Amino acid sequence: MTQLPQASSQADQTLSRNMTLLAHHELGGFGGLGEGMGLQITKTGRRIMWLAHESAPKNFSGVDVTDPKNPKLIVQTDLPHMQLRSNSLDVWGDILAVAYQTQTVGLKPAGVDLFDVSDPEHPKLLSHFDCSGPHSRGVHALWFVDGKYIHMSSGSGDFEPTHPLDDQFYRILDVSDPTNPVEAGRWWYPGTRVGDEAPPPPRHPKFDTGYRVHNSNVYPRQADRAYVGYIDGGAFVLDISDMKNIKVVSHWNHSPPLNGFIHTVLPLFDRNLWMVSDECVRDDGEDWPKLVWVIDSRDEKNPVSISTFPMPPVEVFSKRGGRYGAHNLHENLPVPGSFYSDTIIIGSFFNGGIRVFDTTDPYRVEEIAYYVPGAPKLSPAGAVQINDVYVDENAIVYGVDRFGGGLYILEMNI
Amino acid sequence: MNFKRDALASKIPVTIITGFLGSGKTTLISKLVRQPEMNRVALVINEVGEIGIDHDLVASSTENITLLSNGCICCSVRTDMQETLRDLFAKRSVGEIFDFDRIIIETTGLADPAPVLQTLVSDTLLEAQFRFDGLVTLVDAVNFPLLKDQQKEIVKQIAIADKVLLTKTDLIDSSSLEKVQSDIRKINGQAPIILVTQGQINPKELMSLGLSTSKSNEKILSFLGESPSEGKYLGQFIQAHDSEIKTLSLRFKEPFTWKAFSSALELLSNLRGPDLLRMKGIVNVDGKPVVVQGVQHIFHPPVYLNDWPSSDYDTRLVFITRNIEAETINTLFKTVRDLNH
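For the structure given in this document, a descriptive report is provided here.

Turning next to the overall build of chain A. A tally of helices and strands in chain A yields one helix and 29 strands. Taking 22 Å as the expected radius of gyration for a compact globule of 414 residues, we find that chain A reaches 20 Å, a close match to that expectation. C-alpha atoms of chain A, sized along the principal axes, occupy 70 × 50 × 40 Å. Pairs at least 24 apart in sequence give 55% of the contacts found in chain A among residues at least 6 apart. Taken as a whole, chain A presents about 14300 Å² of accessible surface, with 51% of it coming from carbon and sulfur. On chain A, the mean spot of the 34 positive side-chain charges and the mean spot of the 51 negative ones are 1 Å from each other.

Now the structure itself:
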């Protein structure tokens, strides 16, 4: 008797449930994309998906997705040198904010660029906010949804970490005048800055990825709270009502004993829940489990984990190639072109593709759709590595591959 | 906007094929499996060996699952249907078999589809992941005139069908064929009748017979047997009827509470379940539209639509019954509704 070929273990196979591919664009051969995705709706009604590249030589690309079945690459910019990556961006109105992170400390440009993209084919630089310094690599991830503040994970010229991996902390920029951004506030994990009273925090015993901010999300409906994934430091909710005197309101960490790297804290305000996503950073399941956690946040002082998103078996997916595990979520951006749901959560899972979950019962989250593209051509991982996902207000899903697969545009049947 | 999941859209549709012995099921299935439209369809049958699949059509196989080169997944029933369906879903979830987007069930000797339907409704996993997408009955055009008076099962299978496939139509003359179709319509005036020659049908004829979304649209009216373009309400086109089997169309202008409606339906089902062959309808529950359907005593979970599919906000129900009068059901529902005030 022959064995049936295991569909999920064959990385060349596309797997899908309740999702249909509308279009796929390889971005002119530069399909390696990071975790910066933002949808601009121009004054003339065009829809431009801005995408930050994962690594040099490209900086960011603009794809016209007015017709999601026929995406068109309209602009693609270059980084000034190869030891730099953008990786993160957001767009608010016609202002595009792009992050720059250098490969090693001390290099430039490290910080944030602000562009006027009212003419999307011709982005115009408005300003550069410099975050470089002898101990800084610049900005890893930023959040810009209100036209006034950028919340970001950043180093600074005046910040010396106690451990080299702890070089990016939470910074807030006031960009109400986009030609002149100024710092409005900052917070770092106690003990991670030279000169702190608190001792440096203990390193993770197995996978030391650092006490460093990844995503820092602030929503206008709760503008006094920042929801921060602090990598090995865990999940934080910060009171930013006084940006010069930021305080910790909540803290939750599953590591150790788990494998660290808390990436995103997505609050569902009306349900008193957070969706907390890890990031998988090792290949072949080495740092499994990397999951999405459901946290009951009714008591700010005592957040409690009540379930995790169900995932297909690591025994199968870890053999597909590359990374397998959680990473980014669609974060219900409070902007016109964004999908909003307090029950349906969509995430990117590297070779697990794009997966859609119904959290109506938060104790028993249900997977209701997925799309795992077959391995992109010449993929160094041998499998797709969906790095990020964005869903628009029409429930069209945009997913990007980390290495070369480019942009996937999908429809859900849910 | 706060996007909520559609109650039905993400569920895997399940079509059930039934038919009396000799109605041509084996021939139909053996032709069906070869079609390219059967890609990503799981076909659940008694024995894969029975349908004589060419060796060169088989991509790979294991104990009870055969993957065909056109993407069709043939699965034979092991212990029982419930376990087979659960197993199919579990294997799909973990990637042990290729993805399928729908299931067609045809089991030889399945004279009564009620147990399969009961399984779909009562098993928690199956109810959450699958939805009933229609019942297709095969009828042998040649032998039907003789069998319909001798075999109550055949009449019942036709009465509960969403679609009737009339087989062996090349073996009778046209006037006999017309008489057969007319007799079938007396039993079930709603189900379309498709003429089949030598088992050849387009797989799409077996699909999308059921309610696929809770988002209001015109297709819901078709599902309920209404024609939006003609403006008819349920049942106006139904004409003559079989002596025992009747299609009853009922309309209620006043809304129900769910308690009243479900109590009435439960009472009717308790007292006359075996004679309630099929029902479908749209119910005005406190002003909101709810689609209901059942086969015999098995009722599917009600589907709350997001909006009314048309400007008609009355409750409209169609029953196919054996020896039950419309007035009886009418009175029952009205009385229970009034009691609940």
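Continuing now.
Below, the discussion takes up the overall build of chain B. The helix and strand inventory of chain B stands at 10 helices and 15 strands. Dimensions of chain B, computed from C-alpha atoms along their principal axes, come out at roughly 65 × 55 × 35 Å. For chain B, long-range pairs separated by at least 24 residues make up 75% of all intrachain contacts whose partners lie at least 6 apart in sequence. Counting every atom, chain B has about 14100 Å² of accessible surface; 50% of that belongs to carbon and sulfur. With 37 positive and 42 negative side-chain charges, chain B shows a spacing of 4 Å between the two charge centroids.

Let's shift gears to the nonpolar core. Membership of the largest hydrophobic core comes to 94 residues, with the highest contact counts inside it found for Tyr170, Met275 and Met412 of chain A. Those residues within four positions of methionine 412 of chain A in sequence are excluded, and the remaining contacts are Asn18, Met19, Phe339, Ile346, Val356, Val391, Ala395 and Val397 of chain A. By size, the runner-up hydrophobic cluster in this structure holds 51 residues, among which are Ala161, Ile184, Ile245 and Ile320 of chain B.

A regular strand places its side chains so that they alternate between the two faces of the sheet. All names here are of chain B. Among the five residues that make up strand S8 (residues 163–167), five are buried, leaving the element largely enclosed by the rest of the structure. Examined bridge by bridge, strand S7 (residues 130–140) and S8 share five bridges and lie parallel to one another. The partner of valine 136 across the bridge, within S8, is lysine 163. Bridge count for S8 against strand S9 (residues 193–195) is three bridges, and the pairing is parallel. Opposite leucine 166, over in S9, you have leucine 195 as the bridge partner. Taken together, S8, helix H7 (residues 174–187) and S9 constitute a β-α-β crossover, and its handedness is right-handed.

Scoring rules and cut-offs
Residues numbered from 1 in each chain as written. Chains lettered and ligands numbered in written order. Predicted model: local features only at pLDDT ≥ 70, side-chain atom pairs only at ≥ 80, totals over all residues. Heavy atoms only, no water. Helix = DSSP H or I, 4+ residues; strand = E, 2+ residues; numbered from the N terminus. Rg over C-alpha atoms; globule rule 2.2 N^0.38 Å. Contact = heavy atoms within 4.5 Å. Areas by Shrake-Rupley, 256 points an atom, 1.4 Å probe, with all protein chains shown as cover. Lys, Arg positive; Asp, Glu negative; His and termini not counted. Charge placed at Lys NZ, Arg CZ, Asp CG, Glu CD. Core = buried A, V, L, I, M, F, W, Y, C linked by side-chain atoms within 4.5 Å. Buried < 20%, exposed > 50% of the residue type's maximum accessible area, 1.4 Å probe, protein only. Pairing = 2+ DSSP bridges. Right-handed = clockwise from strand over helix to strand, strands pointing away.

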